[in-house]
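Close look at the chain arrangement
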Amino acid sequence: MRTPIVAGNWKMHRTAAEGRALAVALVEKMGTPRGVEVVLCPPFTALAAVGAAVHRTALRLGAQNMHWEAQGAFTGEISAAMLVDAGCRHVILGHSERRQHFGETDEGVNRKAHAALRAGLVPIVCVGERLEERKAGRTDQVVRGQLRAALAGVEPAQAAGMVIAYEPVWAIGTGLPATGEEANRVSALLRATVGEAAGADAAAQVRIQYGGSVNAKNCAEFLSQPEVDGALVGGASLDAEAFAVIVSAAARG
Ligand code: PGA
């Protein structure tokens, strides 16, 4: 049985002090969530403060991006080892906002996945089709292509431990989520793609999140789907009340 995983992608929101306050509120509301893994992904500058607030709790710390090189002349970048040093266990890779605004490519996401795995981080690899791709009937081709590229050269045991987030671009931040049925269908397709790349065991173990306008009201529709193992939450993760509802909806057993 896969343990569901809910991650809060805070994007470019919250200073260190604000992040600490939000993390403290979440710890108070959630206590020790059981049957679900919870990851907070604040901006880099709030990692230390949020990490301190969740220390010795069940909540985990993650980052929103990293560079694939271990070190070097890469002004403005952060390495996997630096994230580990800051207390991260997870890192979001290939978010559509990075692909769209910062030129991130499938190849770059693959390099980052390798670097994250080498450093012992759990990559949360985002895939998702844009609206015009969906309208053109290319959804399956697009997400399979993104995932295949991300997994290139990844060992089966490593693939098994990864998290894939299916985030249709048209659903992110729009208040217009996919349906539970469609999230389940695409998640099954992604699981099959992991199977082709890394074998049946990896496919059975890999966790697949849905992301895109998940909130306290609609979360059960996604989290009750058999192929959906959690959620990647943007806007609603900045609201302690809403995020706690989503986490408890995801908890299994
Ligand atoms: P949203 O963002 O929940 O605000 O739609 C999700 C994401 O971008 O990960």
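Reading guide: rules and limits
- Residues numbered from 1 in each chain as written.
- Predicted model: local features only at pLDDT ≥ 70, side-chain atom pairs only at ≥ 80, totals over all residues.
- Heavy atoms only, no water.
- Helix = DSSP H or I, 4+ residues; strand = E, 2+ residues; numbered from the N terminus.
- Rg over C-alpha atoms; globule rule 2.2 N^0.38 Å.
- Buried < 20%, exposed > 50% of the residue type's maximum accessible area, 1.4 Å probe, protein only.
- Contact = heavy atoms within 4.5 Å.
- Lys, Arg positive; Asp, Glu negative; His and termini not counted.
- Charge placed at Lys NZ, Arg CZ, Asp CG, Glu CD.
- Axes fitted to C-alpha atoms, helices over the stretch in contact; angles between N-to-C directions.
- Parallel < 35°, antiparallel > 145°, perpendicular 65-115°, else oblique.
- Left-handed = near helix turned anticlockwise from the far one by under 90°.
- Nonpolar A, V, L, I, M, F, W, Y, C, P; charged D, E, K, R; others polar.
- Core = buried A, V, L, I, M, F, W, Y, C linked by side-chain atoms within 4.5 Å.
- Phe/Tyr/Trp six-rings, centres within 6.5 Å; stacked < 30°, edge-to-face > 60°.
- Pairing = 2+ DSSP bridges.
- Salt bridge = Lys/Arg side-chain N within 4 Å of Asp/Glu carboxyl O.

**Topic: the overall build of the chain**
When its secondary structure is counted, the chain shows twelve helices and eight strands. Here the chain has a C-alpha radius of gyration of 17 Å; the compact-globule value for 253 residues is 18 Å, and the two agree. The dimensions of the chain, computed from C-alpha atoms along their principal axes, are 45 × 45 × 35 Å. Counting the 253 residues in the chain, one finds 53% classified as buried. For the chain, contacts bridging at least 24 residues in sequence account for 73% of all contacts bridging at least 6. Taken as two groups, the 25 positive and 25 negative side-chain charges of the chain have centres that lie 3 Å from each other.

**Brief notes about the packing of helix α1 (residues 16-30) against helix α2 (residues 47-54)**
Where α1 contacts α2, the two axes come as close as 8 Å, and the packing angle between them is 25 degrees. Taken together, α1 and α2 sit at an angle that is classed as roughly parallel. Crossing angle aside, the handedness with which α1 passes α2 is right-handed. Mapping the contact onto sequence places Ala16, Gly19, Arg20, Ala23, Val24 and Val27 in α1 and Ala49, Val50, Ala53 and Val54 in α2. Broken down by class, the residue content of the contact of α1 with α2 amounts to eight nonpolar, one polar and one charged.

**Considering the nonpolar core**
By size, the foremost hydrophobic cluster in this structure holds 71 residues, and its most contacted members are Leu40, Met66, Leu190, Tyr210 and Phe243. The leading source of residues in this core is helix α12 (residues 240-250), at seven residues. Apart from the residues within four sequence positions on either side, Phe243 is in contact with Val6, Ala7, Gly8, Leu26, Met30, Val38, Val39, Leu40, Val233, Ala236 and Ser237. Ala7, Cys41, Ile124 and Leu232 belong to the second-largest nonpolar core, a separate cluster that totals ten residues.

**Quick word on the packing of aromatic side chains**
By the definition in use, this model includes two aromatic pairs. Ring geometry for Tyr210 and Phe222: centres 4.3 Å apart, planes at 15 degrees, overall stacked. Remark: Phe222 occurs in helix α11 (residues 219-223) and Tyr210 occurs in strand β7 (residues 207-211); sequence separation between them is twelve residues. By relative accessible area, which is 2% here, Phe222 ends up buried.

**Some words on the sheet that holds β7**
One key point about sheets: their strands pair by backbone hydrogen bonds, in either a parallel or an antiparallel sense. The eight strands are arranged β1-β2-β3-β4-β5-β6-β7-β8 in a closed barrel whose pairing can be described as parallel. For this sheet, the mean angle separating the axes of adjacent strands, direction not counted, is 25 degrees. Across four bridges, the pairing between strand β6 (residues 163-166) and β7 is parallel. Its bridge partner being in β7, Val163 is matched across the sheet by Arg207. Where α2 meets the sheet, its contacts fall on β2 (37-41) and β3 (59-63), and the angle it forms with β3 comes to roughly 165 degrees. In the packing of helix α7 (residues 139-151) onto the sheet, contacts are made with β5 (122-127) and β6, and the angle to β5 comes to roughly 155 degrees.

**As for the pattern of salt bridges**
When charged atoms on two side chains of opposite charge get close, those side chains can pair. What the rule picks out here adds up to 17 salt bridges. Here Arg111 makes a salt bridge to Glu107, at a shortest N to O gap of 3.7 Å. Here Arg111 pairs with Glu107, and both are found in helix α5 (residues 106-118), just four residues apart, close to one helical turn. For Arg111, a relative accessible area of 37% translates into the label partly exposed. Overall, Glu107 belongs to the exposed group, its relative accessible area being 53%.

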